[in-house]
Amino acid sequence: MNIWLVMAACGGLTFLIRLSFIALEGRYRPPSWFVVLLPFVPVAALSALTAPELLLAAGEFRPTNPRLWAGLVAIGVAAWRRNTLLTIGSGFAALLLLERL
Amino acid sequence: MAHNSAMTDHPASRSAAFWLGVRALLPMHLGVAPFGVIYGVVAMKSGIPPLAAVLMSSIVFAGSAQFLLAQLVSLGAPALMMVGAVGVVNLRHALYSASVAPLLARLPRRWKLLLSYLLTDEAYAAAIPHLLAAPANSVGHWILLGSGFALWAGWQLATLAGVVLGAQLPEGLPLDFALPLTFIAIVVPMLTDRVRIIVALAACALAVALSGLPYKLGLFIAALGALALGAVLSRRRRP
């Protein structure tokens, strides 16, 4: 097995996946159900990406997981102040505090 | 703060848009940099030649896929399986592609190719609230270029440090938590109506329920399921 060939194939495939809809735009008329989905992509994809980081520790849900509660603190601060640095700062502070309990 | 973001959401010049993208991504480096260093160390242990391990960060340029590749190389997996696994892990990027495609429709081809190459989880997340806030902004694509370039540069440096220096990370500092925290800071302000809140909660529940699936498939299926729910709910409200 040649690692360079595998890397080239993986890089090409990754690039094509990222290019897919960007390249197709304007060359086809997407069905209406597809257009209705698009506004929800950021919320759906980024929530799915983040939730396991907060809710699972080593693959399991534990109510005592500090990251769960620190994440909830950050969610509360984000909803309240809509400020990125404040959200990150409060989440970190909560995690460091909870890990020492 | 609302006043501040209203100003920066409509950058008037290319450089203002570029730096807006860079700034939106910067906090993620707290989490991405250690992740990149660890990749470099893992890649070295897997037996990938140093030069290949370093260049993989620009040829493949996808964090979790690079970890997976290093793991599969050390297991001696067949080449076709490695390529297939990387393709599945990166399927979610097609969602980002669909999401930004209408916003990039008028750009020349070279821009579409460049921004596609840079379209990672982090760059998309950092740029998308600003892109959606001003979809008609003629310099909006510079925001995505800024966030994409900022992640690319940081990832190259971090993975290079991992390969060359090995693991020298401060123990006990949960820096990786910076990434989910930044995503929270991005997603929560987007939850502006009941349907979006339901979509977010459904995506969280599905992602956790399906987290046992290999190659991040659970994440992709969870996003698709939540999207379908969003489409059904929004159609019901506005027939």
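Nothing here was measured: the structure is a model prediction, and the numbers come from that model. (Residues numbered from 1 in each chain as written. Chains lettered and ligands numbered in written order. Predicted model: local features only at pLDDT ≥ 70, side-chain atom pairs only at ≥ 80, totals over all residues.)

Asker: Looking at this structure, I do not really get the overall build of chain B. What am I missing?
Answerer: A tally of helices and strands in chain B yields 13 helices and zero strands. The secondary structure elements of chain B, listed N-terminal to C-terminal, are α-α-α-α-α-α-α-α-α-α-α-α-α. The C-alpha atoms of chain B give a radius of gyration of 19 Å, which matches the 18 Å a tight globule of 239 residues would have. If you line up chain B on its principal axes, its C-alpha atoms span 55 × 40 × 40 Å. Here chain B holds 239 residues, and the buried ones make up 48% of them. In chain B, once contacts between residues fewer than 6 apart in sequence are set aside, the share between residues at least 24 apart is 76%. (Helix = DSSP H or I, 4+ residues; strand = E, 2+ residues; numbered from the N terminus. Rg over C-alpha atoms; globule rule 2.2 N^0.38 Å. Buried ≥ 20, exposed ≤ 12 C-beta atoms within 10 Å, placed from the backbone. Contact = placed C-beta atoms within 7 Å.)

Asker: Just checking my understanding: could you explain the domain arrangement of chain A for this structure?
Answerer: For interface size, the figure often reported is the accessible area lost on association. As assigned here, chain A comprises domain 1 (1-30) and domain 2 (38-100). Just the C-alpha atoms count here: the centres of domain 1 of chain A and domain 2 of chain A sit 32 Å apart. (Domains from an automatic or database assignment.)

Asker: Any chance you could explain the interface of chain A and chain B here in plain terms?
Answerer: Taken together, the contact pairs 61 residues of chain A with 73 residues of chain B. When contributions to the side of chain A that touches chain B are tallied by element, the ones reaching two or more residues are helix 1 (3-24), helix 2 (32-37), helix 3 (41-55), helix 4 (66-81) and helix 5 (84-100) of chain A. No other element matches the 19 residues that helix 1 of chain A contributes to the side of chain A that touches chain B. Looking at the side of chain A that touches chain B residue by residue, the classes come out as 43 nonpolar, twelve polar and six charged. (Nonpolar A, V, L, I, M, F, W, Y, C, P; charged D, E, K, R; others polar.)

Asker: Please explain the domain arrangement of chain B as it appears in this structure.
Answerer: Residue and element names in this part refer to chain B. As far as domains go, chain B holds domain 1 (2-168) and domain 2 (191-239). Using only C-alpha atoms to locate each centre, domain 1 and domain 2 end up separated by 23 Å. Listed as interface residues are seven residues of domain 1 and, on the opposing side, six residues of domain 2. For the side of domain 1 that touches domain 2, the secondary structure elements donating two or more residues are helix 6 (79-89) and helix 7 (92-100). The element contributing the most residues to the side of domain 1 that touches domain 2 is helix 6, with three residues. Taken together, the residues of the side of domain 1 that touches domain 2 break down into five nonpolar, one polar and one charged.

Asker: Explain the confidence of the model for chain B here, please?
Answerer: In regions of low pLDDT, the predicted coordinates are not meant to be interpreted in detail. Residue and element names in this part refer to chain B. Taken over all residues, the pLDDT of chain B has a mean of 92, while the share at 70 or more is 92%. Averaged pLDDT values over the elements of chain B bottom out at 43 in helix 1 (residues 2-8) and peak at 98 in helix 8 (residues 109-117). Overall, residues 1-7 carries pLDDT values under 50, and its contacts beyond four positions in sequence, including any with other chains, amount to four contacts. The complex prediction reports pTM at 0.92, with the ipTM value standing at 0.94. (pLDDT = per-residue confidence, 0-100.)

Asker: Is there a simple way to think about the nonpolar core in this case?
Answerer: For soluble globular proteins, nonpolar side chains are generally found buried alongside one another. In terms of nonpolar packing, the biggest core is built from 108 residues, with Ala44 and Ala48 of chain A together with Ala203, Ala223 and Ala226 of chain B touching the most fellow members. The contact partners of Ala44 of chain A, leaving out residues within four places of it in the chain, are Val199, Ala203, Ala223, Ala226, Leu227 and Gly230 of chain B. (Core = buried A, V, L, I, M, F, W, Y, C linked by C-beta atoms within 7 Å.)

Asker: Please explain the packing of helix 2 (residues 14-25) of chain B against helix 9 (residues 121-133) of chain B as it appears in this structure.
Answerer: Helix-helix packing is characterised by the crossing angle of the two axes and by the distance between the axes. Residue and element names in this part refer to chain B. Running from N to C, helix 2 and helix 9 point in directions that differ by 125°, and their axes come no closer than 9 Å. Classified by the interaxial angle, the pair formed by helix 2 and helix 9 is oblique. Where helix 2 crosses over helix 9, the two elements pack in a sense that is right-handed. Each of Leu20, Gly21, Ala24 and Leu25 in helix 2 lies in contact with helix 9, whose residues at this interface are Glu122, Ala123, Ala126, Ala127 and His130. (Axes fitted to C-alpha atoms, helices over the stretch in contact; angles between N-to-C directions. Parallel < 35°, antiparallel > 145°, perpendicular 65-115°, else oblique. Left-handed = near helix turned anticlockwise from the far one by under 90°.)

Asker: Where do I start with helix 4 of chain A in this structure?
Answerer: Three or four residues apart is the spacing at which side chains of an α-helix point the same way, because the helix has 3.6 residues per turn. The terminal C-alpha atoms of helix 4 of chain A, which comprises 16 residues, lie 22 Å apart, in line with the 22 Å expected from a rise of 1.5 Å per residue. Restricting attention to buried positions, one finds in helix 4 of chain A the residues Arg67, Ala70, Gly71, Val73, Ala74, Ile75, Val77 and Ala78 of chain A. Along its buried surface, helix 4 of chain A packs onto helix 3, strand 1 (56-57) and helix 5 of chain A together with helix 11 (178-187) of chain B. One or two steps after helix 4 of chain A, the chain reaches Arg82 of chain A, where phi turns positive at roughly 50°. (Expected span 1.5 Å × (residues − 1).)

Asker: So what exactly am I meant to see when it comes to the packing of helix 5 of chain A against helix 11 of chain B here?
Answerer: Their axes nearest at 9 Å, the elements helix 5 of chain A and helix 11 of chain B cross at an angle of 140°. Classed by the angle they form, the pair helix 5 of chain A and helix 11 of chain B counts as oblique. Taken as a pair, helix 5 of chain A and helix 11 of chain B cross one another with a handedness that is right-handed. Packed against helix 5 of chain A, whose contacting residues are Thr84, Thr87, Ile88, Gly91 and Phe92 of chain A, the element helix 11 of chain B presents Ala178, Leu181, Thr182, Ile184 and Ala185 of chain B at the interface. Its residues assigned to classes, the contact of helix 5 of chain A with helix 11 of chain B shows six nonpolar, four polar and no charged.

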